[in-house]
Amino acid sequence: MPISSPPIPPARSATSRRRVLIVDDNTELGDTLRAVIASGIPGIAIETAESGAAALVKAKKGFDVAIVDVKLPDASGIDLITPLRAVSPFSEVLLLTGFASVDAAIGALRSGAFAFVLKSFRPEELISIVEQALTKVELKHERDELERRYRDLVEVTDVLVVALSGSDEVALMNRKAASLAGTTSDQALGRSIFEAWIPPEDHAALRAALATTRAQRRTTEVETGFAEARGARGGAAAGEGGDANAAQPSPRARRIRWHLSPSRESGDLVYGIGIDVTERRALEKRAADAEALSAMGELAMNLAHEIRNPLNAAVLQLHLLTRNLDRIEADETTRGALKDRTRIVGDEIGRLNRLLTEFLELARPRGIAREPVHLPRLADEVLDLEEESAKGRGVTIVRDLPEDGCVAIGDREKLKQVTINLVVNALEAMKRGGTLTVRVRPDHERVLMTIEDTGPGIASELIPNVFDPFFTTKEAGTGLGLSIVRKIVDQHGGDVEIESERGQGAKVMVSIPIGR
Ligand code: ADP
């Protein structure tokens, strides 16, 4: 998001009148002060008050500089400084006194007065002091305005902004960073960034970058994961005691590219500006996957075809062999052992065949059909096909498939393949029974299909790998099922996402554009 910063308005002094409040019970002196200041500082607004109480009432209308007699009928001018500045926090107070004593002067300055002026002042001297006080007030307003704008900018910006103390505790975290971290800017303060939000595998890289930034006082770049840590919620105490396992990154971890720079003012403080590169990295990975697939290319496809022929011949021979086994002269135990062996060879050939079919499906650069596909009906069909297999595993199927709507434009056969692959994965995951829930819903300009199981789920660190070709955790798996799903969904301009935690089942969400 491009940040367009509004122009900074002119300093406050140009838009509002400067105001002086004179507090003196001697009306004659008050009038003289008013005349001197009015003549020396054109355009200035001057109010007068004759007592402390009256001064506080007048102060409420606003003032920049107050000139206060030390001796007032109802108060000491020194005691008036704090309440006056409470009314107008950026104001300055000048104390007026008839006699000079070093102690009184020091006391006045200690109590926060801007200056200590003798009643025997020369007019130009008073004007100069009042002008200096007004300039200081203006600078304070300007600094406050700049700070406010800077804070606003840090808050609204789309990048992450953090500041880390010397012991790597959060001294500042803007709204964007806090929202990704699953916290608020206030709650983040004082927590260790390592214990709360950086996954353990990135600790070393970030520590090294921070050390370089601090030691060499130069900017460094580093990329880390950044996530709301499970078990690390609940304020500064969480994660204390060095229990790194308490703060495991959640599966929604983001990848952040950090630009670290040392603070110019305070020693070990480091500012980090972070850009969320999660989507960019995911795209790069997908492009690399696609490249890897096309690099396997034609040669591999031809090879696959060539393997298929001898494989089919082997299946045929095996078939004949199994039949002949019944005719050979042997006792039942020997015959049984031989049959077992041929069955194993048959199973292995079957697996090779599956691998070849899926590989060819993945590698074949074929276009897709574009026809209206009623996804609830398609899911229903697939579930009918898999019903027996589900029963055999003790899995209950829940169908949440509305009749109306939910028609996407795409390739029926390919979308069926997607559904089969996902349903089969879910069923295979539930070895000890469970529930398979399949839902289809309209979702803005898309149709969303959700396939959810109550199996063992997927460890968060494995989720990024499950779409990789040949990644499998199954003994007889090919590791191509989800790669095919991704390829087909990509061809449809859709999205596929997995939500899962170890022991919590898995939920795969596929969205396909309606594509009117
Ligand atoms: P295969 O099923 O041949 O292993 P896939 O690409 O379909 O290949 O799946 C890759 C891996 O993803 C599986 O081996 C498994 O570890 C994991 N996986 C996929 N779906 C699920 C699921 N529903 N529950 C648990 N793990 C799953």
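To be clear, the structure that these remarks concern was listed above.
Attention in this report is confined to the structure presented alongside it. (Residues numbered from 1 in each chain as written. Predicted model: local features only at pLDDT ≥ 70, side-chain atom pairs only at ≥ 80, totals over all residues. Heavy atoms only, no water.)

## Here's the deal with the overall build of the chain
Formally: A run of H or I in DSSP counts as a helix once it spans at least four residues, and a run of E counts as a strand once it spans at least two, with each numbered from the N terminus. In this setup the radius of gyration rests on C-alpha atoms only. A globule is expected at 2.2 Å times the number of residues raised to 0.38. Only protein chains enter the calculation, and the probe is 1.4 Å; a residue is then buried if its accessible area is under 20% of its type maximum, exposed if over 50%, and partly exposed in between. Any pair of residues with heavy atoms lying within 4.5 Å of one another is described as a contacting pair. Accessible surface is estimated by sampling points in the Shrake-Rupley manner with a 1.4 Å probe; for residues, cover comes only from the protein chains shown. Charge convention: Lys and Arg are scored as positive, Asp and Glu as negative, and His as well as the terminal groups of each chain are ignored. Note on charges: their place is set at NZ of Lys, CZ of Arg, CG of Asp or CD of Glu.
If you tally the helices and strands in the chain, you get 15 helices and 19 strands. The globule rule puts the C-alpha radius of gyration for 516 residues at 24 Å, and the 38 Å found for the chain is more than 25% above it. Among the 516 residues that make up the chain, the fraction classed as buried is 40%. Taking the contacts inside the chain whose residues are at least 6 apart along the sequence as the reference set, 66% of them involve residues at least 24 apart. For the chain, the accessible surface area stands at approximately 27900 Å², while carbon and sulfur atoms represent 54% of it. When the 67 basic and 77 acidic side-chain charges of the chain are each reduced to a single mean position, those positions are 2 Å apart.

## As for the sheet that holds strand β14 (residues 395-400)
Worth spelling out the cut-off: A pair of strands counts as paired when DSSP detects no fewer than two bridges linking them. Here, axes are lines fitted to C-alpha atoms. For helices the fit covers the stretch in contact, and angles between N-to-C directions go from 0 to 180 degrees.
Strand order across the open sheet formed by five strands is β14-β16-β17-β19-β18, with mixed pairing between neighbours. In this open sheet, the two edge strands, each paired with only one partner strand, are β14 and β18 (495-500). Averaged over neighbouring strand pairs, the angle between their axes works out to 15° when direction is ignored. In this fold helix α13 (residues 375-392) packs onto β14, β16 (434-443), β17 (446-452) and β19 (506-513), with an angle of close to 170° to the strand it touches most, β14.

## Comments concerning the pattern of salt bridges
Heads up, the rule is: Salt bridge, as applied in this entry: a Lys or Arg side-chain nitrogen positioned within 4 Å of an Asp or Glu carboxyl oxygen.
Going through the model one piece at a time under the given rule, you end up with 40 salt bridges. R19 is the partner of D64 in a salt bridge, and the nearest nitrogen-oxygen pair spans 3.7 Å. Highlighted residues: D64 in the loop between α3 (52-59) and β3 (65-69) and R19 in strand β1 (residues 19-23), separated in sequence by 45 residues. Here D64 falls in the buried class, since its relative accessible area comes to 3%. Within the structure, one salt-bridge network assembled from shared partners comprises D202, E221, E223, R255, R257, R281 and E284.

## Examining the packing of aromatic side chains
Cut-off, in case you're wondering: Each Phe, Tyr or Trp ring, with Trp reduced to its six-membered ring, pairs with another whose centre is within 6.5 Å; inter-plane angles below 30 degrees give stacked pairs, above 60 give edge-to-face pairs, and intermediate values give tilted ones.
Per the stated rule, a full pass over the model turns up two aromatic pairs. Look at W197 and F226: their rings are 6.5 Å apart centre to centre, the planes differ by 45°, and that puts the pair in the tilted class. Of this pair, W197 sits in helix α9 (residues 193-197) while F226 sits in strand β8 (residues 220-226); the two residues are 29 residues apart in sequence, bridging distant segments of the chain. Of the two residues, W197 and F226, both sit in the buried class. Relative to W258, the ring of F226 has its centre 5.6 Å away and its plane inclined at 80°; by these criteria the two rings are edge-to-face. A residue pair is termed long-range when its members are at least 10 positions apart, and F226 in strand β8 and W258 in strand β11 (residues 254-262) qualify at 32 residues. For the pair F226 and W258, a shared accessibility class is recorded, and that class is buried. The structure contains a cluster of three or more aromatic residues connected by ring pairs, namely W197, F226 and W258.

## Quick notes on the site of the ligand
The condition is simple: We define proximity as follows: a residue is near a molecule or strand when any one of its heavy atoms falls within 4 Å of that partner. Here a polar contact is recorded for every N or O atom pair within 3.5 Å, except that within protein the pair must consist of a potential hydrogen donor and a potential acceptor, and residues adjacent in sequence are included only if both atoms are side-chain atoms. The definitions used throughout rest on a 1 Å grid laid over the protein atoms alone, on which a cavity is an enclosed set of points accommodating a 1.4 Å probe that cannot get out and a pocket is an open set flanked by protein within 12 Å on both sides along at least five of seven lines; lining residues are those having an atom within 4 Å of a point. By definition, a pocket or cavity contains a molecule when more than half of the molecule's atoms lie within 2 Å of the pocket's grid points. Residues are grouped as follows: Ala, Val, Leu, Ile, Met, Phe, Trp, Tyr, Cys and Pro are nonpolar; Asp, Glu, Lys and Arg are charged; all remaining types, including Gly, are polar.
As a matter of local geometry, the ligand sits amid 18 residues, with D453, T472, T473, K474 and L482 nearest to it. Between the ligand and the protein, one listed contact pairs an oxygen atom with a backbone N or O atom of G479 at 2.9 Å. Its free accessible area being 540 Å², the ligand has 91% of it covered by the protein chains. Of the pockets mapped on this structure, the ligand occupies the second largest pocket. Listed by contribution, the elements that provide at least two residues to the shell around the ligand are α14 (412-429) and α15 (481-491). For the shell around the ligand, the element with the highest residue contribution is α14, accounting for three residues. Its residues placed into classes, the shell around the ligand shows eight nonpolar, eight polar and two charged.

## Looking at empty space enclosed by the protein
Space left empty within the atom packing is revealed by a probe, the size of a water molecule, rolled over the atoms. Put simply, the rule is: Grid points are joined across faces, edges and corners, and a volume is the space filled by probe spheres set on the points.
In total, this model carries three cavities of 30 Å³ or more according to the counting rule given. By volume, the largest cavity amounts to about 50 Å³. Taken together, V162, L164, I193, I198, L206, W258, L260 and G272 make up the lining of the largest cavity. Listed by contribution, the elements that provide at least two residues to the lining of the largest cavity are β6 (160-164) and β11. Class assignment of the residues belonging to the lining of the largest cavity gives a composition of seven nonpolar, one polar and no charged.

## So, α15
Note: α-helices contain 3.6 residues per turn, so residues at a spacing of three or four share the same orientation. Burial analysis of α15 places eight of its 11 residues in the buried class, which makes it a mostly covered element. Residues G481, L482, S483, I484, V485, R486, I488 and V489 constitute the buried set of α15. G493 occupies a position one or two residues after α15 and carries a positive phi of about 70°.

## Observations concerning the pairing of strand β12 (residues 270-276)
Across five bridges, the pairing between β6 and β12 is antiparallel. Following the sheet pairing, V161 is matched in β12 by I273. Pairing of β11 with β12 involves seven bridges; the strand directions are antiparallel. Paired with P262 across the bridge in β12 is V270.

## Looking at α13
Quick note on the threshold: One less than the residue count of a helix, multiplied by 1.5 Å, gives the span that helix is expected to have. To get the bend at a residue, fit one axis to the 7 residues ending there and another to the 7 starting there, then take the angle between the axes.
The end-to-end C-alpha distance of α13 is 26 Å, a good match for the 26 Å that 18 residues give at a rise of 1.5 Å each. The sharpest bend along α13 measures roughly 50° and falls at E386. All of the buried residues along α13 are L375, P376, L378, A379, V382, L383, E386 and A390. After α13 finishes, the residue G394 shows a positive phi value of roughly 75°.

## Looking at the layout of surface pockets
In this model, the second largest pocket occupies a volume close to 1100 Å³. Along the wall of the second largest pocket there are 43 residues; nearest its centre are N425, E428, A429, T473 and K474. Counting residues per element, the ones that place at least two in the lining of the second largest pocket are α12 (332-363), α14, α15 and β19. Considered class by class, the residues forming the lining of the second largest pocket number 19 nonpolar, 15 polar and nine charged.

## Looking at the sheet that holds β12
Taken in spatial order, the five strands line up as β7-β6-β12-β11-β8 in an open sheet, and their pairing is antiparallel. Looking at strand neighbours, the two that pair on one side only are β7 (170-173) and β8, the edges of this open sheet. When strand polarity is set aside, the average angle formed by the axes of neighbouring strands in this sheet is 25°.

Structural measurements only, silent on function.
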